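Understanding the architecture of this molecule
Listed below, chain by chain, are the residues.
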Amino acid sequence: MAPRTSTSTADQARAAALEVLEAVRTRDAYANLLLPRLLRDRGLSGRDAAFTTELSYGTLRGLGTYDAIIAACVDRDLDAVDPVVLDALRIGAHQLLAMDVPPHAAVSTTVDLVRSVSNEGASRFANAILRRVGQGDLQEWIKRIAPNAQDDPEGFLSVSRSHPRWIVSAFWDSLQAHRGAQRAHQDIGELLDADNARPGVTLVTRPGLAQVGELTDLGALAARYSPYAAYLAGGDPGALAPVRDGRAGVQDEGSQLVATALALAPLEGRDEQWLDMCAGPGGKAALLAGLALERGASLLANEIAPHRAELVRRALRGYGDRVVGTADTHTAEVDENADADTDTDATDAVRTGSLQVIAADGIRAPWQPGSFDRVMLDAPCTGLGALRRRPESRWRRTPEDLERLTRVQRRLLSSALDSVRTGGLVAYVTCSPHLEETRDVVRQVVKARRDVERVDARPLLPGVPDLGGGPDVQLWPHLHGTDAMYLALLRRS
Ligand SMILES: C[S@@+](CC[C@H](N)C(=O)[O-])C[C@H]1O[C@@H](n2cnc3c(N)ncnc32)[C@H](O)[C@@H]1O
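Residues numbered from 1 in each chain as written. Predicted model: local features only at pLDDT ≥ 70, side-chain atom pairs only at ≥ 80, totals over all residues. Heavy atoms only, no water.

1. Quick word on the overall build of the protein
Of regular secondary structure, the protein possesses 19 helices and 12 strands. By the compact-globule yardstick of 23 Å for 493 residues, the protein fits well, its C-alpha radius of gyration being 24 Å. The buried share among the 493 residues of the protein stands at 58%. Considering only intrachain contacts with a sequence separation of at least 6, the fraction spanning at least 24 residues in the protein is 75%. Roughly 20,600 Å² of accessible area belongs to the protein as shown, and the carbon and sulfur atoms make up 48% of that amount. In the protein, the 57 positive side-chain charges and the 66 negative ones have mean positions that sit 2 Å from each other. (Helix = DSSP H or I, 4+ residues; strand = E, 2+ residues; numbered from the N terminus. Rg over C-alpha atoms; globule rule 2.2 N^0.38 Å. Buried < 20%, exposed > 50% of the residue type's maximum accessible area, 1.4 Å probe, protein only. Contact = heavy atoms within 4.5 Å. Areas by Shrake-Rupley, 256 points an atom, 1.4 Å probe, with all protein chains shown as cover. Lys, Arg positive; Asp, Glu negative; His and termini not counted. Charge placed at Lys NZ, Arg CZ, Asp CG, Glu CD.)

Shown next as structure tokens:
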């Protein structure tokens, strides 16, 4: 790679975006974690911060389409292009094809950027390529480079909507399973477009600590479906007093709906002990905590990774002394072959009606079987339902991830069912619509046991349209404005 020189001649925002792309490519960085730090360090705020964010996120989302266009303009394989120069070309292409930046500014600033991180030859190369890119608009380019939509619909969508083909295919299958072939055919483009749009910020109130009215008084808009949600049009949510105090937070409306559904589900008999089995970083736990306390129940929030268990504690901070002292770590071993450590009965500490956080492996649970009345299993998954929030993740995930994840998901679901009493409820949730980690995991686990009944989850999301044929619920960004959350509700019989 060409040696790096000073970036003093490049404009700050573009330089920051280039740094994000490079960190994502070389260090597996997460743009949504890195960017806020970078903006702070560089003193970029207001319009500059918004511009940097759009450059970074927009380029990462559109990368598949931009690479196909750049490839058509370069007379060598893209692998042969200096990676940092290619990143800069991608940022330039995004400005030329999807942003309101005058073409001459998009080209000249990108050329300056390349010169600042590479050399004169590379900047001349960038100039030539971007001039070619600028000869067509996005639609003209797609017509020219994408496969024919009739002959190869998945290939067309993959290039035109900038998603890997295997993800297009998985989304299409899931839409078909939940909405039928005809609707799937109509919907698939809209779903992929929704992934490419900037998501809004949704706030959540912690039940018993804040009301939606408090958020609307601060300028947010009451949400469509969740009684705890409000949409924030702009600004920093962390600057709002209820968020600062831990009485409200930021949470996708779909996450709120699936957590609320578990709390709303009718239950015969005792309703005192709730478990959030995979709780980190604590969004659903914080909502469930308020709902549990409202009816005098306790919540045990469990998370395998100790640092994420710490985030759960932070998420629960608004509940103050309702969060009881916690035995720190039980079996926080990620090693799946490690011996079970069931010496401690973690339910002991929550018998009095309170909130508790522990760090333990949900598969080798440190609580007695049949202890809980309601269990939330928000399983580790591919996250394919939240691509609009994690712009790089569509390029990082692979079909191979599914095999490892579905193995863990099946084991966690079995453990969740063992953890709930007879008649108790388990919510199996993923932020992915992929059939292998949603419908198939549930089917396989239910089939292997004789003590599970499916519960129709749809009535537990009152007022939410387009929930399909049930009994499971699949939410969709293009239909509901939420992440593509999946919910299956199971009763132990
Ligand atoms: C999808 S996230 C949960 C999100 C969380 N419910 C929320 O709403 O903020 C899945 C979590 O499960 C944790 N996890 C993975 N394997 C686990 C296991 N065997 N036992 C407990 N937690 C696990 C991961 O560390 C991750 O924090």
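2. Comments concerning the environment of P199
The topology assignment puts P199 in the loop between helix 10 (181-196) and strand 1 (201-205). It is 36 Å that separates the C-alpha atoms of P199 and R124, two residues lying 75 residues apart in sequence. In contact with P199, other than residues within four places in its own chain, are R61, R388 and R389.

3. Comments concerning the domain arrangement of the protein
How big an interface is tends to be expressed through the accessible area that disappears when the partners come together. Considered domain by domain, the protein is made up of domain 1 (12-139), domain 2 (146-196), domain 3 (201-250) and domain 4 (253-492). Centre-to-centre, using C-alpha coordinates, domain 2 lies 34 Å away from domain 3. (Domains from an automatic or database assignment.)

4. Here's the deal with the layout of surface pockets
Looking at the second largest pocket, its volume works out to about 360 Å³. As for the second largest pocket, its lining consists of 20 residues, of which T65, Y66, L138, S160 and N196 are closest to the centre. For the lining of the second largest pocket, the elements supplying multiple residues, two or more each, are helix 3 (46-73), helix 4 (83-98), helix 7 (138-145), helix 8 (153-160) and helix 10. The element that contributes the greatest number of residues to the lining of the second largest pocket is helix 3, accounting for 6 residues. Mapped onto the domain boundaries, the lining of the second largest pocket takes at least three residues apiece from domain 1 (12-139) and domain 2 (146-196). (1 Å grid on protein atoms, 1.4 Å probe; cavity = no way out; pocket = protein on both sides within 12 Å on 5 of 7 lines; lining within 4 Å. Points joined across faces, edges and corners; volume = space filled by probe spheres on them.)

5. Structural notes on the UniProt feature "active site" (unreviewed entry) in the protein
Within this structure's numbering, the places UniProt gives as "active site" (unreviewed entry) are C431. Among the structural elements, C431 can be located in the loop between strand 9 (420-430) and helix 18 (439-447). Here C431 falls in the buried class, since its relative accessible area comes to 16%. Those residues in contact with C431, other than ones at most four positions away along the chain, are C381, G383, L384, G385, A386, R390, A484 and M485. (UniProt positions renumbered as here; feature names shortened; annotations may be inferred.)

6. Points about the UniProt feature "binding site: S-adenosyl-L-methionine" (unreviewed entry) in the protein
When the UniProt feature table is mapped to this numbering, "binding site: S-adenosyl-L-methionine" (unreviewed entry) covers C278, A279, G280, P281, G282, G283, K284, E303, D335 and D378. The class for E303 is buried, based on a relative accessible area of 8%.

7. Some thoughts on the site of the ligand
As a matter of local geometry, the ligand sits amid 19 residues, with E303, R308, D361, G362 and D378 nearest to it. A distance of 3.1 Å separates an oxygen atom of the ligand from a polar atom in the backbone of G280. Here an oxygen atom of the ligand and a side-chain polar atom of E303 are 2.6 Å apart. Protein contacts shield 85% of the accessible area of the ligand, which totals 600 Å² for the unbound molecule. In the shell around the ligand, the residues fall into 9 nonpolar, 5 polar and 5 charged. (Near = heavy atom within 4 Å. Polar contact = N/O pair within 3.5 Å; in protein donor to acceptor, adjacent residues only side chain to side chain. Nonpolar A, V, L, I, M, F, W, Y, C, P; charged D, E, K, R; others polar.)

8. Topic: the state of the cysteines
As enumerated under the stated definition, the model contains 0 disulfides in all. Unpaired in terms of disulfides, C278 finds its nearest cysteine sulfur in C381, a separation of 10 Å. On the accessibility criterion, C278 (16% relative accessible area) is buried. Take C381: it sits in no disulfide, and the sulfur closest to it among the cysteines is that of C431, at 3.7 Å. (Disulfide = S-S within 2.5 Å.)

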